[in-house]
Amino acid sequence: MGWSAKLKGGYNINSEEAHGNFDEIRSTLSDWTLEAVAGCIGNMSGESGYNPWRWQGDRVNYSMGYGLVQFTPARGYINDYGVGLDGFSPNLNVNVQTPTATPEDGKAQMLVLKDDRAHKWINRTRYCKMPEIDLSPYADFSYYKSATDLYLATAAFMFMYEGNATVLYGSESAQRSMVNARYDAATTAYEYLGGSEPPEPPEPPEPPEPPVPRKERKANCFTCYAIQFYTILKRR
């Protein structure tokens, strides 16, 4: 089907347009594992809705995000690291199509991503509050490209590449909720692109036992002392 794009909004994950874009993304990122590609696409669900022309908030603002993975600031892609790449043809208006814009701008965006020409892959492991996962190996972008765990790939892309507000400031539960939502989308893309059903994501650890109240601790200590004293008297 080829690339699809529109002025505003995103595509339903099961639409022909989304599927066509998934195929094109897979083709451009052909040296990545399927898990790495699908993990990236899963993050697009919350960034652009798989629409290459998507402006953040559906408003043109060169200081905000643009494109499938929301290059921020948009001026970086439009005026710098996207210029001259195969397919480069951004749409610069959300009301009417820019005459030079084509949906193939998605390919240029993926070429930027493929070699991290935007230098957006940053080690943000320290921000991860989810104790059940270890993202430290994914600090290396080349490690991500060869990922074999879809859940970790999805989480790694969100933390290392997107670095959104939930990554930087969100609670453990907020981070897990966002990762799980993007993992659901990644799973759909993974299965569409030919992968078998991936395993269930890791379970978060059980919360620790609540501390013993101060009064109860005192009572327990008193009981211990009483037993010790009784034992000493009995020995005598």
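What you are looking at is a predicted structure, and each value in this text was computed from that prediction instead of being measured. (Residues numbered from 1 in each chain as written. Predicted model: local features only at pLDDT ≥ 70, side-chain atom pairs only at ≥ 80, totals over all residues. Heavy atoms only, no water.)

A. Region of interest: the overall build of the chain. Across its full length, the chain holds nine helices and zero strands. When contacts within the chain are restricted to residue pairs at least 6 apart in sequence, those whose partners lie at least 24 apart make up 60%. Summed over all atoms, the accessible surface of the chain reaches about 12,300 Å², with 52% contributed by carbon and sulfur. (Helix = DSSP H or I, 4+ residues; strand = E, 2+ residues; numbered from the N terminus. Contact = heavy atoms within 4.5 Å. Areas by Shrake-Rupley, 256 points an atom, 1.4 Å probe, with all protein chains shown as cover.)

B. Molecular detail of the packing of aromatic side chains. By the definition in use, this model includes 20 aromatic pairs. Ring centres of Tyr138 and Tyr143 lie 5.0 Å apart, and the angle between their planes is 90°; this geometry places the pair in the edge-to-face category. Residue classification places Tyr138 among the buried residues on the basis of a relative accessible area of 4%. Ring plane angle 65° and centroid distance 6.5 Å describe the contact between Tyr138 and Tyr144, whose orientation is recorded as edge-to-face. Of the two residues, Tyr138 and Tyr144, both sit in the buried class. An aromatic cluster is defined as three or more aromatic residues linked by ring pairs; in this entry it consists of Trp32, Trp121, Tyr138, Phe141, Tyr143, Tyr144, Phe157 and Tyr161. (Phe/Tyr/Trp six-rings, centres within 6.5 Å; stacked < 30°, edge-to-face > 60°. Buried < 20%, exposed > 50% of the residue type's maximum accessible area, 1.4 Å probe, protein only.)

C. Region of the structure containing the pattern of salt bridges. On inspection of all chains with the given rule, the structure shows five salt bridges. For Asp58, the salt bridge identified is with Arg54, shortest N-O distance 2.8 Å. Salt-bridge contacts for Arg176 lead to Glu172; the nearest nitrogen and oxygen are separated by 2.8 Å. Taken together, the residues Arg176 and Glu172, both in helix α8 (residues 172-192) and four residues apart, mark about one turn of the helix. Of the residues examined, Arg176 reaches a relative accessible area of 14% and is grouped as buried. For Glu172, a relative accessible area of 31% gives the class partly exposed. Where salt bridges share partners, they join Glu132, Glu172 and Arg176 into one cluster. (Salt bridge = Lys/Arg side-chain N within 4 Å of Asp/Glu carboxyl O.)

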